[in-house]
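# Overview (structure and organization)
Letter by letter, the chains look like this.
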Amino acid sequence: MRFPPALKHMTYGRFIKYVSPLIEQSCGFNREDYEVVALMREPLSWLNSWYRYRQRFGVSPEKSTVGLTFESFVQDYMRENQPPYAALGNQLSMLRDRDRVGVDRVFPYEDFGEFTDWVSARIGKKFELPTVNESRKTSTELSEETMSRLRTHLSGPVAFHSLLSADGQILDRHHSLICEQFGCEGN
């Protein structure tokens, strides 16, 4: 789903609230009848992608990164009160359901072929997605100080991403990282 953009970058919570009831109502499938799958980008690559995307023509002025260096963008992303162009949230919040990973599988975006092969095997025919929305490449160089702060700031998503496997399986450690990042109910 590409339009509206909120569907493309949907949180698991929004999926459960809006899409799951539609699937149940129109197809008769309960949530237990299907798998919810997500792709996760390596966190620095994810930030760079947003930075590049927001340099495109047509992005609203308050969300545009035109005229900003990647270094400034990353520093603004790490601020407590982020400006609109750097208010991206946290990738792990997209995947969670309270204190657990809500989706059934998370594939590393960098192994896109493994994801499409898995989908192909599940549906019994070749599954291909064309490359769309590709922004121009830019430098991801950061000063040592900014990179050090970013490693700390993104420690949860980096650790989560490092555990992803080609088959998208969710491990107990993935759930533990969600708890470390957001806290668990009852703690």
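Residues numbered from 1 in each chain as written. Predicted model: local features only at pLDDT ≥ 70, side-chain atom pairs only at ≥ 80, totals over all residues. Heavy atoms only, no water.

### As for the environment of Ser120
Positionally, Ser120 belongs in helix α6 (residues 112-123). Taking the relative accessible area as the measure of exposure, Ser120 reaches 12% and is therefore buried. With residues up to four places along the chain from it excluded, the contact list for Ser120 reads Lys125, Lys126 and Phe127. (Helix = DSSP H or I, 4+ residues; strand = E, 2+ residues; numbered from the N terminus. Buried < 20%, exposed > 50% of the residue type's maximum accessible area, 1.4 Å probe, protein only. Contact = heavy atoms within 4.5 Å.)

### Overview of the nonpolar core
Within the largest apolar cluster, 18 residues are counted, with the highest numbers of intra-cluster contacts made by Met40, Leu95, Val103, Val106 and Phe160. Sorting the residues of this core by element identifies α2 (12-27), β1 (37-40), α5 (91-95) and α9 (172-182) as the ones contributing at least two each. Beyond its immediate chain neighbours, meaning those up to four positions away, Leu95 contacts Tyr12, Ala38, Met40, Arg100, Val101, Gly102, Val103, Val106 and Phe160. Membership of the second largest hydrophobic core comes to 16 residues, among which are Leu44, Tyr51, Val74 and Tyr85. (Core = buried A, V, L, I, M, F, W, Y, C linked by side-chain atoms within 4.5 Å.)

### Brief notes about the packing of helix α4 (residues 70-77) against helix α7 (residues 144-153)
Between α4 and α7, the least distance of the axes is 10 Å, while the angle of their chain directions is 40°. The two elements α4 and α7 cross, and the hand of that crossing is left-handed. Where α4 abuts α7, its residues Glu71, Val74, Gln75 and Tyr77 lie against Thr146, Arg149, Leu150 and His153. Looking at the contact of α4 with α7 residue by residue, the class counts come to three nonpolar, three polar and two charged. (Axes fitted to C-alpha atoms, helices over the stretch in contact; angles between N-to-C directions. Left-handed = near helix turned anticlockwise from the far one by under 90°. Nonpolar A, V, L, I, M, F, W, Y, C, P; charged D, E, K, R; others polar.)

### Topic: a negative patch on the surface
On the surface, a cluster of negative charge is made up of Glu110, Asp111, Glu114, Asp117 and Asp167. Structurally, Asp111 can be placed in the loop between β4 (105-108) and α6. (Patch = residues over 30% accessible without salt bridge, like charges linked within 9 Å, V, L, I, M, F, W, Y side chains within 5 Å. Areas by Shrake-Rupley, 256 points an atom, 1.4 Å probe, with all protein chains shown as cover. Salt bridge = Lys/Arg side-chain N within 4 Å of Asp/Glu carboxyl O. Lys, Arg positive; Asp, Glu negative; His and termini not counted. Charge placed at Lys NZ, Arg CZ, Asp CG, Glu CD.)

### A look at the pattern of salt bridges
A side chain with one charge may pair with a side chain of the opposite charge, provided their charged atoms come close. All chains considered together, the criterion is met by six salt bridges. For Arg173, the salt bridge goes to Glu180, with nearest N and O atoms at 2.8 Å. Through salt bridges with shared partners, a single ionic network connects Glu35, Arg105 and Arg122.

### Observations concerning the pairing of β1
Regular strands place their side chains on alternate faces of the sheet. Side chains Ala38 and Met40 project from β1 onto a buried face, and the interleaved Val37 and Leu39 project onto a face without burial. The sheet contact formed by β1 and β4 spans four bridges and is parallel. Note on β4: the bridge partner recorded for Leu39 is Phe107. (Pairing = 2+ DSSP bridges.)

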